[in-house]
Amino acid sequence: MKKVLYTIALSASVMFAAASCISLETPPYGSESDVTFWSEDENAALATLNSCYTRFYSINQLIESEAATDNAYTKDLGSTNPIANGSYSTDNGYVRGLWNGFYAGIRTCNELLTNIDKVPGLEPALRDRYIAEAKVIRASHYYELYTRWGSVPYTTKVLGVAESKTIKCTPRAEVVEHVIADLNAAIESGALPASYGAGDRGRVTIGAAKAFLAKVYLFEGDFAKVRDLTEEIMNSGTYSLFNSYEGLFTVANENNSEVILDVQYDPTVRNWNMRSLGVIPPSMGGYCSLAPTQELVDSYIMLNGKKIDEAGSGYDSANPYENRDPRLQATVIYNGNSYPGAASPIDCVSADSRDGYNTTSDVTPTGFYLRKYYDVNKYVNENTSTINAIVIRYADVLLMNAEAHAELGSLNAGVWDKTVKLIRKRAGFTDAAALDFNAGANNKEIIRNERRCELAFEGARFKDIMRWKIAEKVLNGNVHGLYTGALVGTDGGFVILEKRSFDPAKHYLWPIPQYDRDINNNLDQNPNW
C-alpha cells in the first residue's frame, strides 16, 4: 500500500479537490471530463478508492482527541483545548474541520459506489472488494459523525449544490442502522480477505470490518453483539498479541500480528510531522504543546494490581514511578524516563534543563512528554515519524470482549484469562494478584481503567468517556500537571493546568457548525447550543 495505494491516490485527489474543501455544499460532477473518467479509465475505481483512504484517520486525529479528555492537555487553542474545558462554540474551527473532513470522505466513497459500475473491464471480484472497502470507510465516517453530533445528514448520493442546501438531519437511530447495514454488507459480501500482500497493507480486511462493527455495538451498548463479534475475531486465529507492548509502536515491528487496521505512513501523502503536532521535547529540536496529564499518570496501577491510592498498594509518593504498570514507562516520559536510543534520561523538572517544566514556552505544559510513537530514525533530525498509525488492534478486541462479558454478567476466570490476563502478562506483570481473576473486585471499573492505560493516545478515551457517560465527572474541575510542591497556585502541590467545565445537558453532543446552518436552514441545532 505504501508504494501503490497513495501514488495512485494523487491522481484521484486532483479530481476530488473541490469536494474536500467544504462539507455538504459542493458542486456536482457533471462535466464531460468526469463522465470520461469513469467510463474510459480502467483505473478509475482503484484511484478513487485510494482517495477514500487518504481521509481515513491519521495519527494527528488520534492523538489530538486525547486532549479532549482527562488523558492529555494542549495549550493549542485551535485544537481540542476548548472542547476539554467546555469553552467551544458553534463556530469552533476544530469542530467544523472534523465535520467537513468526514463529509468530504463520505462524498468520495459515494462517488465510487455510485459510479463503479461504469468502469470498463473491472473484474467482478475486485469490484465487490472495492465496494466492501468503501462501505466500511463510509461507515467509519458516519460513526465518527453520529458519536459526536447525534443526528446528522445522511446520504449515499453525491449531492449537488441545491440538495446540499436543503438536506435535513437524519435521526441518530437511522444513521446507526445505516452504519450497521454498510458494515454487515461488507462482511457478508465475502469479498474482504483476511489479509493482504505487502503492496496492499493498510486496506480493510474482514477482521477490520468486524472490529469496526463491534465498536459500533460497543458505543450503542449492545454487549451481546460485541461479545459475539469479538469472539469471532478471537477464534479466527488471524491475530495475536505482539510480544512487546513498547515494541508495538516502533517502525521495526510494523504490520505485526496484533494490527487489525492501521494507516500506513507515506512520505508524500500520509506523513506525520511531529513538530506540527507538538509533542517533541526541546532537547530533540522540537516543542511540546500537547502532553499527558497527572490524571493519566495516576491511573496506571501498581505491579501488585492495586490502584496507587488503594490500601496495601505500596505506592511511595517520593518515588512515584517505581513498581508501576510497565505501560506507564512505555507511554509517558516522566522525569528520569528516556526515549529509546537517547544518550541520557529526560530531565522534565530542572530549571537548567532544556526540557524542564516552566522554563520556556517550548516545554511540556504538564511536566510530561509522550513516549508512544517515538521513531528513533527520524525524531532527532527531522521531527517527523514514519510509524504507521494503528487504528484497531487485537488488544482492543480482547478488552471489548472482557467489557461485554462484564456488562452481561458472564465475566469469569476463563474469560479473564483469555483477555485481561493475556494483556497484562504481555505488558510485564508477573504478580498473581494483578494477573488472576478476582470475582469480588469491581471488574467493570478495572476493565475500564485497563482500556485507558492500554490504549492511551490511540484515540479510544474520548469515545469511552462519552459512552460511559462519565464526562461530567472527569471533565469538570481542575486538570493537573506534575507535582512541584509549590504552595501557591496548585492543588496540594500539583500544577493546575486549567479549570474544566462539562455540561451534561449540552456537551455530550457537539454543535452543528453555524456556517453550515447559515447555508442550510433545515439543519436543526443540537440542544442548548
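Residues numbered from 1 in each chain as written. Predicted model: local features only at pLDDT ≥ 70, side-chain atom pairs only at ≥ 80, totals over all residues. Heavy atoms only, no water.

Caption draft 1: Inspection of the overall build of the protein at higher detail. For the protein, the helix and strand inventory stands at 24 helices and 11 strands. By the compact-globule yardstick of 24 Å for 529 residues, the protein fits well, its C-alpha radius of gyration being 23 Å. Counting across all 529 residues of the protein, residues that qualify as buried make up 56%. For the protein, the share of sequence-separated contacts (at least 6 apart) that also reach a separation of at least 24 residues comes to 69%. Summing over all exposed atoms, the protein offers an accessible surface of approximately 20400 Å²; the carbon and sulfur share of this is 49%. In the protein, the 51 positive side-chain charges and the 64 negative ones have mean positions that sit 2 Å from each other. (Helix = DSSP H or I, 4+ residues; strand = E, 2+ residues; numbered from the N terminus. Rg over C-alpha atoms; globule rule 2.2 N^0.38 Å. Buried < 20%, exposed > 50% of the residue type's maximum accessible area, 1.4 Å probe, protein only. Contact = heavy atoms within 4.5 Å. Areas by Shrake-Rupley, 256 points an atom, 1.4 Å probe, with all protein chains shown as cover. Lys, Arg positive; Asp, Glu negative; His and termini not counted. Charge placed at Lys NZ, Arg CZ, Asp CG, Glu CD.)

Caption draft 2: Examining helix α17 (residues 394-408) more closely. The terminal C-alpha atoms of α17, which comprises 15 residues, lie 21 Å apart, in line with the 21 Å expected from a rise of 1.5 Å per residue. In terms of burial, α17 is a largely internal element, 13 of the 15 residues being buried. Positioned one or two residues after α17, G409 has a phi angle of 80°, which is positive. (Expected span 1.5 Å × (residues − 1).)

Caption draft 3: Examining the packing of aromatic side chains more closely. Scanning the model with the defined rule gives 25 aromatic pairs in all. Aromatic side chains F37 and W38 sit 5.1 Å apart centroid to centroid with 85° between the ring planes, which places their arrangement in the edge-to-face category. The class for W38 is buried, based on a relative accessible area of 3%. Ring geometry for F249 and Y373: centres 5.9 Å apart, planes at 70°, overall edge-to-face. Of this pair, F249 sits in the loop between α12 (223-235) and β2 (259-263) while Y373 sits in the loop between β6 (369-370) and α16 (379-382), placing them 124 residues apart in sequence. A relative accessible area of 2% means that Y373 is categorised as buried. Put simply, the rings of Y88, Y94, W99, Y103, Y142, W149, Y154, F462, W510 and W529 touch in pairs and so form one group of aromatic residues. (Phe/Tyr/Trp six-rings, centres within 6.5 Å; stacked < 30°, edge-to-face > 60°.)

Caption draft 4: Structural context of the pairing of strand β11 (residues 494-500). Two elements, strand β9 (residues 477-483) and β11, share five bridges in a ladder whose sense is antiparallel. Within β11, the residue paired with H480 across the bridge is I496. Two elements, strand β10 (residues 490-491) and β11, share two bridges in a ladder whose sense is antiparallel. Bridge pairing in β11 places D491 opposite F494. Between the end of β10 and the start of β11, which pair antiparallel, lie two residues, with G492 showing a positive phi angle near 55°. (Pairing = 2+ DSSP bridges.)

Caption draft 5: Structural view of the packing of helix α8 (residues 124-149) against helix α10 (residues 172-188). It is the contact of α8 with α10, at a shortest axis distance of 8 Å, that shows an interaxial angle of 155°. When the axes of α8 and α10 are compared, the pair comes out roughly antiparallel. The way α8 lies across α10 gives a crossing that is left-handed. Contact residues: α8 offers A132, K135, V136, R138, A139, Y142, Y143 and Y146, while α10 offers R172, V175, V176, V179, D182, L183, A185 and A186. Here the contact of α8 with α10 is built from residues that sort into 12 nonpolar, no polar and four charged. (Axes fitted to C-alpha atoms, helices over the stretch in contact; angles between N-to-C directions. Parallel < 35°, antiparallel > 145°, perpendicular 65-115°, else oblique. Left-handed = near helix turned anticlockwise from the far one by under 90°. Nonpolar A, V, L, I, M, F, W, Y, C, P; charged D, E, K, R; others polar.)

Caption draft 6: Just unusual backbone geometry, in detail. Positive phi is not limited to glycine here, since Y57 has a value of about 65°. Looking at the secondary structure, you find Y57 in the loop between α4 (44-53) and α5 (59-66). In this structure, N528 is a non-glycine residue whose phi angle is positive, near 70°. Considering the arrangement of structural elements, one finds N528 in the segment after α24 (514-519). With relative accessibility at 52%, the residue N528 sits in the exposed group.

Caption draft 7: Focus on the environment of P504. In this structure, P504 sits in the loop between β11 and α24. Taking the C-alpha atoms as reference, P504 lies 39 Å from L112; in sequence the two are 392 residues apart.

Caption draft 8: The confidence of the model for the protein, seen in detail. In this model, the protein carries a mean pLDDT of 91, and residues with pLDDT of at least 70 account for 91%. Taken together, the stretch residues 1-33 has pLDDT below 50 and engages in 87 contacts with residues farther than four places along the chain or on a different chain. (pLDDT = per-residue confidence, 0-100.)

Caption draft 9: Spatial organisation of the nonpolar core. In this structure, L145, W149, F212, F457 and W510 are the most contacted members of the largest nonpolar core, which totals 147 residues. For W510, the residues in contact, after removing those within four places along its chain, are I83, Y88, Y94, V95, L98, R148, W149, F462, N526 and W529. In this structure, I301, A427, F429 and L435 belong to the second largest nonpolar core, which totals five residues. (Core = buried A, V, L, I, M, F, W, Y, C linked by side-chain atoms within 4.5 Å.)

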